[in-house]
Amino acid sequence: MKTDDLPPNAAPIAFTLNGRAVEAAPGETLLKAAQRAGVEIPHLCHKDGLRSPGNCRACVVDIEGERVLAPSCCRTPTAGMVVHSDNPRAKAAQKTVLELLLSDAPDTTALKFDSELAHWADVAGAQPGRFPTRAAAVQDLSHPAMAVNLDACIQCTRCIRACRETQGNDVLGLAFRGGHAQIVFDQNDPMGASTCVACGECVQACPTGAIAPANGALAQPSQRQVDSVCPFCGVGCQLTYHVNDDRIEHVEGIDGPANEARLCVKGRFGFDYAHSPERLTRPLIRRPGAPKDPHGELRRLTPEQVRERFREATWDEALDAAAEGFRRALAATPARGRQSPVAGFGSAKGTNEEAYLFQKLVRTAFGTHNVDHCTRLCHASSVAALMEGLGSAVVTNPLRDVRHADFVLLIGANPAQNHPVGATWIKNAVKQGMKLVLADPRRTELARHSWKHLGFKSGTDVALLNAMLHTIVFEGLTDPAYIEAHTLDFAQLKAHLVDFSPEAMAPVCGIDAATLREVARAYATAKNAMILWGMGISQHTHGTDNARCLIALSLITGQIGRPGTGLHPLRGQNNVQGASDAGLIPMVLPDYQKVSDPRTREKAERLWQLAPGTLGSEPGLTVVEIIDAAHRRDIRAMLIQGENPAMSDPDAAHAREALAGLSHLVVQDIFLTETASLADVVLPATAWPEKTGSVTNTDRCVQLGRKAVPAPGEARADAWITEQLARRLGLGWAYDVAADGTARADACTGVGAVFEEMRALMPSIAGLSWARLQRDGAVTYPVAHDDDPGQPVVFTDGFPTPSGRASLVGALLTPPAEQPDVEFPMVLITGRQLEHWHTGSMTRRSGVLDALEPGPVVSLHPETAARLGLGAGDRAQVRSRRGEVSLPVRIDDGMPRETAFIPFAYAEAAANLLTNPALDPVGKIAELKYCAVDVRPLTAVPHDTARH
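This one's a predicted model, so the numbers in the text were calculated from it and none came from an experiment.

Analysis parameters
The residue count restarts for each chain, going from 1 along the sequence in the order it is written. Where totals are concerned, whole chains, interfaces and linings use all residues; where local detail is concerned, this predicted model gives features only for residues with pLDDT of at least 70, and gives and counts side-chain atom pairs only at 80 or more. By convention in this description, side-chain values take in all heavy atoms of the structure and omit both hydrogens and water. Every helix listed is a DSSP run of H or I at least four residues long, and every strand listed is a run of E at least two residues long, numbered separately from the N terminus. Just to be clear, the radius of gyration here is over C-alpha atoms, and the globule rule we use is 2.2 Å times residues to the power 0.38. Buried means the residue's accessible area, taken with a 1.4 Å probe over protein chains only, is under 20% of the maximum for its type, while exposed means over 50%, and partly exposed covers the values in between. Any two residues whose heavy atoms approach within 4.5 Å at even a single point are treated as in contact. We get accessible surface area from the Shrake-Rupley algorithm with a probe of 1.4 Å; when it comes to residues, only the shown protein chains can shield them. When charges are counted, Lys and Arg are positive and Asp and Glu negative, with His and the chain ends excluded. Where a charge lies is defined by one atom per residue type: Lys uses NZ, Arg uses CZ, Asp uses CG and Glu uses CD. Two strands qualify as a pair provided that DSSP identifies no fewer than 2 bridges between them. Expected span, for any helix, means 1.5 Å times one less than how many residues it has. For our purposes a nonpolar core is just a set of buried Ala, Val, Leu, Ile, Met, Phe, Trp, Tyr and Cys residues, chained together by side-chain atoms within 4.5 Å. In protein, a polar contact requires one atom able to donate a hydrogen and another able to accept it; more generally it is a pair of N or O atoms within 3.5 Å, and residues adjacent in sequence count only if both atoms are side-chain atoms. The axes used here are C-alpha line fits, helices contributing only the stretch in contact, and every angle between their N-to-C directions lies in the interval 0 to 180 degrees. For classification purposes, angles smaller than 35 degrees are called roughly parallel, those larger than 145 roughly antiparallel, those between 65 and 115 roughly perpendicular, and all remaining angles oblique. A clockwise turn of the near helix away from the far one marks a right-handed crossing, whereas an anticlockwise turn of less than a right angle marks a left-handed crossing.

Caption draft 1: Summary view of the overall build of the chain. Secondary structure assignment for the chain yields 29 helices and 40 strands. The C-alpha radius of gyration computed for the chain amounts to 29 Å, which stays within 12% of the reference 30 Å derived for 948 residues, consistent with globular compactness. In the chain, which comprises 948 residues, the share counted as buried stands at 64%. At a minimum sequence separation of 6, the contacts of the chain that also span at least 24 residues come to 71%. For the chain, the accessible surface area stands at approximately 33,400 Å², while carbon and sulfur atoms represent 51% of it. Once the 94 positive and 107 negative side-chain charges of the chain are each reduced to a mean point, those two points are 1 Å apart.

Okay, here's the thing in structure tokens:
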């Protein structure tokens, strides 16, 4: 082995292995050095990425001069050491260990075709039957995702380390003594009854199949393996689809920049939605006279009901009908700009290319900027504040930078549920000494890992944050040099903060003044401090003010522009960052270039071959504004791609009435969602594993998603659908996107051509060619040229503003738009769950995910539930000024008192029937995180008002 093969910048350590001169890097184990030298040594407790305990002893080697054999997986060489892994003594020991393990294990290849125990036994010549066997362990099939076969367990403890040290879940352990020792879940509970969150890290770690997918997918090799990206949250985990007979049988995490092979329950076990029998497979056209009932039964339409409302059509017929409806609407009301009668909702679930084409279609074919997507209901206020303050809406640092932080403020977010792999990096950093402060009205999972939990009163974020700012400013904890060099308006901010002392704000936010000061001091004085936030910050009428406070915290302390610092709004869906970058926002073109800027419009018009002046200068309407305009009949036609506003929009009854009242609604989707059921034309699209394209995660990392399986029936890729519509609407598009979702390696036509056009309009990815993305698979922008490796940390020396400085903006106390009163005395918070995503259209069609969380619940604090006369499992009615739902109660002592939490993934108890559509005046985001409700036992509700 040559020194050139060693890790970079390592001073080699020379030693002898099996008579050969070998070199190792400092700290490198004998096993790793041997592997690089091409020497095979059996090993079972060792796995790359996990700490090696050396407990299985299959990897023992003979070191000259030492009395006992040494485990090579946790022993490092010294200069001149002479090591033997293949002499008789070492080989006999290795073989004996493997034969002892074989005596307790059945044919593990029946559980895992590539069983590592079977492999190393074969390599070592170990034979079963040499030692007596123990009684077989009981099989545990209590979990819907995984099967436990402890008779195949060799107690290597890889599953324990994966659970406790990698994922930080602390579920698996080793119990009992001696020959009775065994792996247990919690207090020896059945797996299905334990606190296991089904991340499946134990499955990926297990060498024998003792813990394996319940569907037996590991018992045989897959026919194909396709590397891609997870279709759920914004973390952007890379994975491998294992495919048999054009079906995804199981998924493994791979070493992506965001996950290092980690996955969560959705990424590992939520893939089967793509094969659901409910997939749309042929275009549908509404039958003449078939009513649109916005207030009808909320459960999925039966096949009979679908046939009553729709008829199947050919693609040409459906596309012609879709285009003709838009032409009629435009001809009837030929206004342009905000007054255009047509609008579009794009998707954060598709590719960057699909998002780009969609916004281009709306702007060029419909003559309007009335195009938006789900970021309006997620992080619009964060984007507004970041653009205002920093001149850019991107995250400053990747999420994994928490490993470089000494202090992290996590506010208004629940990563353990919504960004689970991201949460593992936070838990890992805490174990390395990082101080975590969780600021959230709810006491969520990460509270047990936190230094402080600030359970402030809902809706009082500004009071809490201004108290921290006051402390830092008036105790002299700012970074004056950074403020002087890189910010504007500090004097105005200081004057604004005079009245916001912790003593004054403590009664408002519910956190005592001493704690507010302690946390503020810890943040300001940390060497590196980072702020992470979620929709608990953004989904308020004062969401922009919330984000302004966080930006000010970072700027006045100089906690920005270095690893382990900065601002990171956790992006929700898998491509909400990329869809926003691509221009699915009504006030900006791609790369957040304002539509009001004539140079930006001229550049787009030249690239899109439009006549000068074609693109208007007036920003379009946002999501809620579009729905309101549709309700007034000012918007008459809509194109919706992969969004479900009938479930996701606030005051959902109002949204459904608006959608039902449209003269023409075209929906592209993979299921007949609550929105698609109100459409005039339904176009069946492809699911994420059925197409190739790029996607951008919450870290600004552009990654390549690859097609793994064919789409069912006649379903077509969204980009193809958009191009076909564009052609029928008079646009001469010639990308020639493939209908089946495939992509060519070159960039001449198809998805590659779309990407190349997109980067020509987007300075942030100007140096990222389609060929480079195909080669590298993942690149973090900004990337200015072909040789630019990308910039994970931005704003290292200034900001993309005219002055090069960031603006400090003060925030006033603004109460939520709706306050509890006698009739509606409680507060409702809505959000996501670990097992379900967004409106549930995908995850509720996954067998495992729906089995884990099969129905809606309302979570209440035990004292609140007792006051209301409610127990766990009792049905309650939750009522707001806009609607009511009924659902079972879940008791949760992490809930604030007099507060209810409802996930919004369940059509049968749609949380957004209750929520308030009041908007943040700047970000135009709805106050989904706060409204006044009444909760009572369903039996106490008069019969004529109870809705089941």
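Caption draft 2: The arrangement of the pairing of strand β33 (residues 826–831) in detail. Judged by how many residues are buried, β33 sits mostly within the fold: 6 of 6 residues are covered. Because side chains alternate across β33, one face comprises the buried residues M826, L828 and T830, and the other comprises V827, I829 and G831, equally buried. Relative to strand β40 (residues 931–937), β33 is paired through 3 bridges, and the arrangement is antiparallel. Bridge pairing in β40 links V827 to A932.

Caption draft 3: Summary view of helix α19 (residues 543–556). If you check α19, its first and last C-alpha atoms are 20 Å apart, about what 14 residues at 1.5 Å a residue would give, namely 20 Å. Note on α19: the residue one or two positions beyond its end, G558, has a positive phi of about 70°.

Caption draft 4: Up close: the sheet that holds strand β6 (residues 139–140). One open sheet holds the 3 strands; their spatial order is β6-β7-β10, and the pairing between them is antiparallel. Since the sheet does not close on itself, it has two edges, and those belong to β6 and β10 (211–213), each with one partner. Sheet topology note: the strand β7 (residues 146–149)/β10 ladder contains 3 bridges and is antiparallel. Note that in β10 the partner of A147 across the bridge is A212.

Caption draft 5: Geometry of unusual backbone geometry. With omega at 5°, the peptide bond leading from Y781 into P782 counts as cis. Of note, H838 is a non-glycine position whose phi angle comes to about 50°, a positive value. Relative to the helices and strands, H838 is located in the loop between β33 and α28 (847–852). Classification of H838 by relative accessible area gives buried; the value is 15%.

Caption draft 6: How the structure looks around the environment of L497. Topologically, L497 is positioned in the loop between α15 (490–496) and α16 (502–509). Along the backbone, L497 and E66 are 431 residues apart, and their C-alpha atoms lie at a distance of 68 Å. In contact with L497, not counting residues within four places along its chain, are N466, L469, H470, V473 and F474.

Caption draft 7: Here's a closer look at the nonpolar core. With 169 residues, the main nonpolar core has L390, L550 and L553 as its most contacted residues. No other element matches helix α13 (residues 461–474), which puts 9 residues into this core. Excluding anything up to four places from it in sequence, L390 contacts T396, I551, L555, I560, L567, F795, F799, P800, T801 and A806.

Caption draft 8: Representation of the side chain of S347. Relative to the helices and strands, S347 resides in the loop between β16 (342–345) and α9 (352–365). For S347, a relative accessible area of 6% gives the class buried. Looking at S347, its side chain comes within polar contact range of the main-chain nitrogen of K349, at 2.9 Å. Once residues lying within four places of it in the same chain are set aside, the contact partners of S347 are H373, A579, L584, Q641, G642 and E643.

Caption draft 9: Inspection of the packing of α13 against α16 at higher detail. Between α13 and α16, the shortest axis-to-axis distance is 9 Å and the interhelical angle comes to 165°. Considering the angle they form, α13 stands roughly antiparallel to α16. Between α13 and α16 the crossing geometry is left-handed. Along its contact with α13, which presents A463, L464, A467, H470 and T471, the element α16 presents P502, M505, V508 and C509.

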